[in-house]
Each structure stands twice: as C-alpha cells, then as structure tokens.
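Letter by letter, the chains look like this.
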Amino acid sequence: MTNRFSRLQLVSLAALGLAAAQANALCTFDGSAEPSLQGSFNSLLGANTLSATASCLDDGDDAAWTTVGSIGQIDIMLELAGNADTNVFGVYDLNNPNARLSIFDGAASAGDQAILRLRQTVNGWRVSVQEVGATTWAHQFISTSAFGFYLSVQGEGTFYSQTAHNADGVDHMYAYQGTGTPFLSGPLAGEFFSRQDYILAWEDLLGGGDRDYQDFVAVVQDITPVPLPTAVWLLISGLVGLAGVSRRTA
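What this report covers is the structure whose coordinates are included nearby. (Residues numbered from 1 in each chain as written. Predicted model: local features only at pLDDT ≥ 70, side-chain atom pairs only at ≥ 80, totals over all residues. Heavy atoms only, no water.)

**Digging into the pairing of strand 8 (residues 148-153)**
As a reminder, the rule being used: When accessible area is computed with a 1.4 Å probe and restricted to protein chains, residues below 20% of their type maximum are described as buried, those above 50% as exposed, and intermediate ones as partly exposed. By definition, any uninterrupted DSSP run of H or I lasting at least four residues is a helix, any uninterrupted run of E lasting at least two residues is a strand, and each is numbered from the N terminus. Strand pairing requires that DSSP identify at least two bridges connecting the strands.
In terms of residue burial, strand 8 counts as a mostly covered element, since six of its six residues are buried. Residues of strand 8 alternate between two faces, with Gly 148, Tyr 150 and Ser 152 on one and Phe 149, Leu 151 and Val 153 on the opposite face, all of them buried. Across five bridges, the pairing between strand 3 (residues 88-93) and strand 8 is antiparallel. Bridge pairing in strand 8 places Phe 89 opposite Leu 151. Of the strand pairs in this sheet, strand 8 and strand 9 (residues 157-160) are connected by four bridges, and their pairing is antiparallel. Bridge pairing links Val 153 to Gly 157 in strand 9. Between strand 8 and strand 9, which pair antiparallel and follow one another directly, the connecting turn spans three residues, one of which, Gly 155, has a positive phi of 85 degrees.

**A closer look at the sheet that holds strand 7 (residues 138-142)**
Across a sheet, strands are paired by hydrogen bonds formed along the backbone, either parallel or antiparallel in direction. Rule in force here: Angles shown run from 0 to 180 degrees and are taken between the N-to-C directions of axes, each axis being a line fitted to C-alpha atoms and, for helices, limited to the stretch in contact. A contact between two residues is defined here by any heavy atoms of the two lying within 4.5 Å.
Pairing is antiparallel across the open sheet formed by seven strands, whose spatial order is 7-6-5-2-14-13-10. Looking along the sheet, the strands with just one partner apiece sit at the ends: strand 7 and strand 10 (173-177). Adjacent strand axes in the sheet meet at a mean angle of 25 degrees when their direction is disregarded. Sheet topology note: the strand 6 (residues 124-131)/strand 7 ladder contains five bridges and is antiparallel. The residue bridging Trp 125 from the neighbouring strand is Ile 142, located in strand 7. Relative to strand 2 (residues 71-78), helix 1 (residues 37-45) is tilted by about 110 degrees, and along the sheet it contacts strand 2, strand 10, strand 13 (198-202) and strand 14 (216-221).

Written out as structure tokens, the structure is:
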C-alpha cells in the first residue's frame with residue numbers, strides 16, 4: 001500500500017510537547033549466528049544509511065505510541081527467529097498490559113501488512129486492526145490515545161515496549177526513525193522510509209538471548225512515539241476530547 005493518509009494538525013497539543021524530538025541512544029548487541037541487524041539495514045536502505053547501534057531511540061522514548069491522524073500502517077520486514085511460527089505481535093493498553101490486540105501471528109511473514117486505526121468513542125479510545133486482504137476488523141478499547149507494542153513468544157513470555165513491564169527487565173524492542181531515503185530491497189522497496197516512519201526491531205528470547213534484535217522487524221508508518229509519562233497522556237487524552245479535535249475516518 002503506497003498511499004499515505006492526511007496528517008492530523010497537532011494544534012495546541014504541540015505546545016504540550018507532543019511533537020518533541022526523541023533522543024538517540026547507544027544500543028548494544030551480542031554475537032549471533034544469524035544475520036546482524038546492521039547487515040539487514042545495509043541491505044534494506046544502503047550501507048551507512050542507518051546505524052543499528054547509534055540511531056535507536058532512548059528506551060523511554062519508544063514506550064508509548066499513537067497514530068498520526070487516525071490511521072497507520074504496519075509492515076513486517078524481517079522475521080528470522082526460530083520462534084517465528086508462534087510469535088504474536090500487537091498493541092496493548094499502556095495502563096493494562098493484559099488488554100492486548102493481536103496484529104500479526106505466527107502465520108504472518110515478511111511482506112504482510114496491516115492497517116491500524118485509532119478513534120475516540122463515547123466509551124473511550126478504540127484501537128482497531130485489519131490485516132490487508134482480510135474483510136473484518138478486530139478491536140480493543142484502551143484507556144488513553146496512546147498504546148504500546150508487544151511481542152508474545154511461546155515458551156519465553158510476552159515482551160513490551162515499556163521495559164518496566166518485562167519480567168526480565170530487559171529492553172526487548174529497539175526503535176529507529178525514518179531516514180528520508182528509499183528502501184532498496186525488501187517488501188517496501190521503492191517506497192521512502194520517511195521521518196514519520198519507524199523500524200521496530202525485537203529480541204524474542206527471555207533474558208535478552210543473543211541480543212541480535214532481528215527476530216521480528218516491522219516498519220510502522222504514520223505511527224509515532226510519544227515520549228511522555230502516562231499521566232501526561234491521560235491529561236492530553238482529556239484535552240483532545242474537550243477541544244473536539246477531529247480525527248479523519250477511514
């Protein structure tokens with residue numbers, strides 16, 4: 001899917017720091033017999049375009065996410081883990097990690113796409129997902145206009161974008177902002193990896209495993225991180241409702 005949806009004007013929310021720039025961290029990796037994440041970046045985007053170690057967001061800056069406008073897209077780029085047939089990737093309520101909505105399961109593979117839609121209803125915020133090619137939507141109500149990403153792994157547990165929720169205390173997801181350059185290979189070859197896009201790279205083994213962070217790699221489009229505490233998100237969600245900020249419908 002190449003068409004992009006209109007961006008929401010952030011109006012007064014920008015004054016609250018919603019669009020604040022994220023800081024870059026130094027991400028660490030261990031040796032692995034599988035292809036490295038840096039090697040995958042070089043293949044997808046060209047050598048020296050994106051640094052796996054120096055370009056990732058700080059851990060706290062990739063915990064909470066929201067759509068830009070009302071609709072985002074998610075594309076699986078790579079899934080190299082032995083657990084690929086059982087992994088489940090999705091979104092969850094930041095205030096209740098047990099309130100989860102699956103986006104891709106073990107039957108999905110590189111090149112599969114899904115549409116994610118976020119809407120405010122009279123009962124609160126509702127996040128909806130539809131895999132491209134499917135005819136139905138799946139829904140989950142969440143407590144704010146932000147959500148987290150999770151990866152559930154059979155025999156290993158469930159890992160969250162909020163590291164504090166991970167039983168092993170390990171950061172299992174590294175996030176990378178778009179470079180403004182085109183993808184040279186992979187499912188999105190020919191499309192631009194815009195500054196509104198992010199790569200999410202996961203380690204799927206308890207305790208950090210081999211720390212290669214290429215067990216499940218997805219690109220999220222028109223979905224952006226929100227480096228704000230949950231308490232501030234609750235305030236923003238209320239202000240959005242009071243101000244009547246409209247979101248475009250699908």
